[in-house]
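Letter by letter, the chains look like this.
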Amino acid sequence: MIKQVLNRKKLWSLLGYQPTPQQLDVHKSKKRFRINCQGRRSGKSTQAAYEILPWLLTPNTRGWIVAPSYDLGQKIARIVKEEVIMKLHLPIAHKKEVNGDLYYLKIAGLNSELSVKSADSPESLTGEG
């Protein structure tokens, strides 16, 4: 496992993210798998995006956003895209977008990658290391 090198609380503060107590409980968990049982409009997608950001900004990492459908994955990807490109102004080595929806992002200099996948087609989730 790659060690996260960024201080996520400082990053979140820089980006203006203030997690709710319920979001913070999920962020603080050290478990490999976490289930976020919150209601509608409680910030689950936002919380997931801000959980991803420190790892994405760690050099030489590869991550996936896997959701039941691409539409649900795009909710998280839109937040990540806005933070990385619009707020942090990081140089992008490569990205794949279709109609404005982000499916792949590689940050130049960091060699970090993020892909959006759908669990609708489980066969697309196999074969990767």
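For the structure itself, look to the data block above.
These numbers come from a predicted model, not from an experiment.

Procedures and definitions
- Counting starts from 1 at the beginning of each chain's written sequence and moves along it residue by residue.
- Local features in this predicted model are restricted to residues whose pLDDT is 70 or higher, and side-chain atom pairs enter the listing and the counts only when it is 80 or higher, whereas totals over whole chains, interfaces and linings include all residues.
- To get the side-chain values, take all heavy atoms of the structure and skip hydrogens and water.
- We call a set of buried Ala, Val, Leu, Ile, Met, Phe, Trp, Tyr and Cys residues a nonpolar core when their side-chain atoms join them within 4.5 Å.
- Buried residues are those whose accessible area, probed at 1.4 Å on protein chains only, stays under 20% of the maximum for their type, while exposed residues exceed 50% and partly exposed ones sit between those limits.
- By definition, any uninterrupted DSSP run of H or I lasting at least four residues is a helix, any uninterrupted run of E lasting at least two residues is a strand, and each is numbered from the N terminus.
- Residues count as neighbours in contact if any of their non-hydrogen atoms are within 4.5 Å of one another.
- A pair is scored as a salt bridge if a Lys or Arg side-chain nitrogen falls within 4 Å of a carboxyl oxygen belonging to Asp or Glu.
- Only Phe, Tyr and Trp rings are paired, with Trp represented by its six-membered ring, and only when their centres lie within 6.5 Å; those with planes under 30 degrees apart are stacked, over 60 edge-to-face, the remainder tilted.
- Two thresholds decide whether a charge sits over a ring: the Lys NZ or Arg CZ must be within 6 Å of the ring centre and within 35 degrees of the ring normal.
- Pairing between two strands is assigned when DSSP locates at least 2 bridges connecting them.
- What counts as an axis is a line fitted to C-alpha atoms, over the stretch in contact for a helix, and the angles between N-to-C directions run from 0 to 180 degrees.
- Throughout this description, a polar contact denotes any pair of N or O atoms lying within 3.5 Å of each other; where both atoms belong to protein, one of them has to be capable of donating a hydrogen while the other can accept it, and for residues adjacent in sequence the pair is counted only when both atoms sit in side chains.

A. Quick peek at the nonpolar core. Counting 21 residues, the largest nonpolar core has Tyr50, Ile52, Leu53, Leu56, Ile65, Val80 and Val84 as the members making the most contacts within it. Elements with a contribution of two residues or more to this core: helix 1 (8-15), helix 3 (44-56), helix 4 (70-87), strand 3 (101-107) and strand 4 (112-118). With residues up to four places along the chain from it excluded, the contact list for Leu53 reads Leu11, Leu15, Val80, Glu83 and Val84.

B. Structural detail: the pattern of salt bridges. Applying the stated criterion across every chain yields a total of six salt bridges. Residue Arg62 is joined to Glu113 by a salt bridge in which the shortest nitrogen-to-oxygen separation is 3.9 Å. In this pair, Arg62 is assigned in strand 1 (residues 62-67) and Glu113 in strand 4, connecting sequence segments 51 residues apart. Looking at Arg62, the relative accessible area reads 53%, which means it is exposed. Of the residues examined, Glu113 reaches a relative accessible area of 17% and is grouped as buried. We note a salt bridge from Glu83 to Lys87, for which the minimum N-O separation is 3.3 Å.

C. Here's a closer look at the packing of aromatic side chains. Enumeration over the complete set of coordinates arrives at three aromatic pairs. For the pair Tyr70 and Tyr103, a centre-to-centre distance of 5.3 Å together with 70 degrees between the ring planes defines the contact as edge-to-face. On the criterion of sequence distance, the pair formed by Tyr70 in helix 4 and Tyr103 in strand 3 is long-range, its members being 33 residues apart. Each member of the aromatic cluster is reached from another via a ring pair, and the members are Trp12, Tyr17 and Tyr50. Of note, Lys117 hangs over the ring of Trp64, and the distance from its end group to the ring centre comes to 4.8 Å.

D. The arrangement of the sheet that holds strand 1 in detail. The strand order 1-4-3-2 describes an open sheet built from four strands, whose pairing is mixed. Strands at the two margins of the open sheet, each flanked by one partner only, are strand 1 and strand 2 (92-98). Within this sheet the neighbouring strands show an average axis-to-axis angle of 15 degrees, counted without direction. Bridge analysis of strand 2 against strand 3 gives six bridges, and the strand direction is antiparallel.

E. Layout of the side chain of Gln23. Along the chain, Gln23 falls in helix 2 (residues 21-28). Residue classification places Gln23 among the buried positions, given a relative accessible area of 5%. Here Gly43 takes part through its backbone oxygen, which lies 2.9 Å from a polar atom of the side chain of Gln23. The contact partners of Gln23, leaving out residues within four places of it in the chain, are Tyr17, Gln18, Gln38, Ser42, Gly43 and Gln47.

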